[in-house]
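Residue-level structure breakdown
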Amino acid sequence: MTALPQERRLVTAIPGPKSQELQARRAAAVAAGVGSVMPVFAARAAGGILEDVDGNRLIDFGAGIAVTSVGVSAEAVVRRATAQLADFTHTCFMVTPYEPYVEVAERLAELTPGDHPKKSVLFNSGAEAVENAVKIARSYTKRQAVVVVDHAFHGRTNLTMALTAKNMPYKDGFGPFAPEVYRVPVAYGYRWPTGPENCGPKAAAQAIDEITKQIGPENVAAIIVEPVLGEGGFIEPAKGYLPALREFATEHGIVFVADEIQSGFCRTGQWFACEDEGIVPDLVTTAKGIAGGLPLAAVTGRAEIMDAAHSGGLGGTYGGNPVACAAALGSIETMKELDLAARARRIGEIMKPRLTALKEKYDVIGDVRGRGAMLAIELVKDRTTKEPAPEATAKLAKACHAAGLVVLTTGTYSNVVRFLPPLVIPEHLLNEGLDILEQALADL
């Protein structure tokens, strides 16, 4: 693991001169459509610290968008990936298979919810996983329609853009999109018209009614839901919503897909967020936190569903790359050895009360939500009207960045600040990061 002091240090303004030089090179060579949260270029990282090319050390509340949950240079990830690199980098599993792919599939069968027989197929990215979950569900059910929820994010490919709710920046100008995708309400407690207390059952009833009226359950191949919505604003569906959809799917032979790409692998304080209400999905899509920063994704599910696709119908040249598989085994080893699910819960115990106290102090915070180390604050112009405050959100994030704290914004209305610290972050950095956030709120 990289030896890097776990302390914030600012030696230049953010961004520093070397980052500015690299930014100029980037502007000349990299497509403008690729955005970045901060104009600083990373040089080293470890634990809860990112060090940039100018020597500034930043507290990391982003974890590469929930990817480096075990840290950016976890010993087991580095050790296993390095050993695999020395053996071979690639053969293509579809040409000559190798053990790490099989072992990752075995671990996923053990870790994902449910004790039924399971199988997996591995890919490179979350969008690929979701797209292939749709392929598998359609093959199994011989149906075409796919149901997703409002505020969903499932990726940037053509099909997953259709599944994604938010237009800008994910979909604008990129159509036409894939057909046979239908969107229903989600139980967004903070914004439910009659309040959060009855939101779960009401939203589920409305969603089921729309599926029944507009599509017909006999035509639905899959219902896809993030157990905690990510890009939509870290929305935790109100209690009762997911169980009702799960029951409806079972009743009508619909494949229920839990998109755990951002919420999985200990992030919410459980191995998978859907465990919170005892949901056992038919298929689970994973990526992000699975491999400690190397590109890997998976669809895992009931063996009879996973086996529905014909031989050769699933795969990809790089899917389940051996180095990425080795890294995933190291990541899972780290999560188990350090009990990072418990560590995520501890992060929540530290952060959520402080965020709630900030809500009491600053009217701009309309809602505090999330579980474990997947937390967020929603900013509003007025608590009564709940009008989103995207400008204040951007200003708050910029102030945090300038002070050396990496935070990410999100949400359908671009008015949510989300917190995704590495699960191995030292507690003193958590508290210091929250101090920076408080100062930035005071200065708004």
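As shown above, the structure is provided for reference.
What this report covers is the structure whose coordinates are included nearby. (Residues numbered from 1 in each chain as written. Predicted model: local features only at pLDDT ≥ 70, side-chain atom pairs only at ≥ 80, totals over all residues. Heavy atoms only, no water.)

**Quick look at the overall build of the protein chain**
A count of helices and strands for the protein chain gives 13 helices and 16 strands. Relative to its length of 444 residues, the protein chain is compact, with a C-alpha radius of gyration of 21 Å against a globular reference of 22 Å. Oriented by its inertia axes, the alpha-carbon framework of the protein chain measures out at about 60 × 60 × 45 Å. Here the protein chain, with 444 residues, has 56% of them falling under the buried criterion. Looking at the protein chain alone, contacts between residues at least 24 apart form 73% of all its contacts between residues at least 6 apart. (Helix = DSSP H or I, 4+ residues; strand = E, 2+ residues; numbered from the N terminus. Rg over C-alpha atoms; globule rule 2.2 N^0.38 Å. Buried < 20%, exposed > 50% of the residue type's maximum accessible area, 1.4 Å probe, protein only. Contact = heavy atoms within 4.5 Å.)

**Section: the nonpolar core**
Ranked by internal contacts, the top residues of the largest apolar core, which has 123 residues, are Ile223, Tyr241 and Phe419. What Tyr241 contacts, discounting residues up to four positions off in sequence, is Val149, Val184, Pro185, Val186, Ala187, Gly200, Ala203, Ala204 and Ala207. Listed in part, the 9 residues of the second largest apolar core include Ala66, Ala273, Met374 and Ala376. (Core = buried A, V, L, I, M, F, W, Y, C linked by side-chain atoms within 4.5 Å.)

**A word on the side chain of Arg107**
When you line up the elements, Arg107 lands in helix α4 (residues 99-111). Setting aside chain neighbours within four positions, we find Arg107 in contact with Leu329 and Ile332.

**Details of the packing of helix α3 (residues 75-87) against helix α10 (residues 322-337)**
Interaxial distance between α3 and α10 falls to 7 Å at its minimum, and their mutual angle equals 155°. Considering the angle they form, α3 stands roughly antiparallel to α10. Between α3 and α10 lies a crossing whose hand is right-handed. Packed against α3, whose contacting residues are Ala76, Val77, Arg79, Arg80, Ala81, Gln84 and Leu85, the element α10 presents Pro322, Val323, Ala326, Ala327, Leu329, Gly330, Ser331, Glu333 and Thr334 at the interface. A breakdown of the residues in the contact of α3 with α10 according to their chemical character gives 9 nonpolar, 4 polar and 3 charged. (Axes fitted to C-alpha atoms, helices over the stretch in contact; angles between N-to-C directions. Parallel < 35°, antiparallel > 145°, perpendicular 65-115°, else oblique. Left-handed = near helix turned anticlockwise from the far one by under 90°. Nonpolar A, V, L, I, M, F, W, Y, C, P; charged D, E, K, R; others polar.)

**Some details on the packing of aromatic side chains**
What the rule picks out here adds up to 8 aromatic pairs. With a centroid separation of 5.9 Å and an interplanar angle of 65°, the aromatic rings of Phe88 and Tyr98 are classed as edge-to-face. With a gap of 10 residues between them, Phe88 in the loop between α3 and α4 and Tyr98 in the loop between α3 and α4 connect regions that are remote in the sequence. The partly exposed category is assigned to Phe88, whose relative accessible area is 28%. Overall, Tyr98 belongs to the buried group, its relative accessible area being 8%. Judged by centre distance (5.4 Å) and plane angle (80°), the rings of Phe93 and Tyr98 are edge-to-face. The aromatic ring of Phe177 is capped on one face by Lys171, whose charged end is 5.4 Å from the ring centroid. When the ring centre of Tyr190 is taken as reference, the NZ or CZ atom of Lys386 above it lies at 4.4 Å. (Phe/Tyr/Trp six-rings, centres within 6.5 Å; stacked < 30°, edge-to-face > 60°. Lys NZ or Arg CZ within 6 Å of the ring centre and 35° of its normal.)

**Examining the sheet that holds strand β7 (residues 220-225)**
Pairing is mixed in the open sheet, where 7 strands are placed in the order β4-β10-β9-β8-β7-β5-β6. A single partner strand is all that each edge strand has here, and the edge strands are β4 (118-123) and β6 (181-184). Averaged over all neighbouring strand pairs, the angle between strand axes comes to 20°, with direction disregarded. Summarising the sheet, β4 and strand β10 (residues 297-302) pair through 6 bridges and their orientation is antiparallel. Within β10, the position partnered with Leu122 by the bridge is Ala298. (Pairing = 2+ DSSP bridges.)

**Some remarks on the layout of surface pockets**
Empty pockets left among the atoms are what a rolling probe the size of a water molecule brings to light. A volume near 410 Å³ is recorded for the second largest pocket. In terms of lining, the second largest pocket is formed by 20 residues, of which the most central are Phe93, Tyr101, Ser120, Val121 and Leu314. Those elements that place two or more of their residues in the lining of the second largest pocket are α4 and β4. Looking at which element gives the most residues to the lining of the second largest pocket, the answer is β4, with 5 residues. For the lining of the second largest pocket, the per-class residue count stands at 9 nonpolar, 8 polar and 3 charged. (1 Å grid on protein atoms, 1.4 Å probe; cavity = no way out; pocket = protein on both sides within 12 Å on 5 of 7 lines; lining within 4 Å. Points joined across faces, edges and corners; volume = space filled by probe spheres on them.)

**A closer look at empty space enclosed by the protein**
All chains considered together, the criterion is met by 3 cavities of 30 Å³ or more. Considered as a void within the structure, the largest cavity measures approximately 60 Å³ in volume. In this structure, the largest cavity is lined by Pro227, Glu236, Pro237, Lys239, Leu242, Ala273, Cys274, Asp276, Glu277 and Arg371. A per-class count over the lining of the largest cavity returns 5 nonpolar, no polar and 5 charged. Here the second largest cavity defines a volume of roughly 40 Å³. Together, His151, Ala152, Phe153, Thr164, Lys166, Tyr170, Glu231, Gly232, Gly411 and Thr412 line the second largest cavity. Of the residues assigned to the lining of the second largest cavity, the class counts are 3 nonpolar, 5 polar and 2 charged.

**Comments concerning unusual backbone geometry**
In this structure, Pro15 follows Ile14 across a cis peptide bond, with omega equal to 0°. Looking at the element boundaries, Pro15 is found in the segment before α1 (17-29). Between Gly175 and Pro176 the backbone carries a cis peptide bond, its omega angle lying at 5°. Unusually for a residue other than glycine, Lys142 sits at a positive phi of about 60°. You can see Lys142 is positioned in the loop between α5 (126-141) and β5 (145-149). Judged by its relative accessible area of 68%, Lys142 falls in the exposed class.

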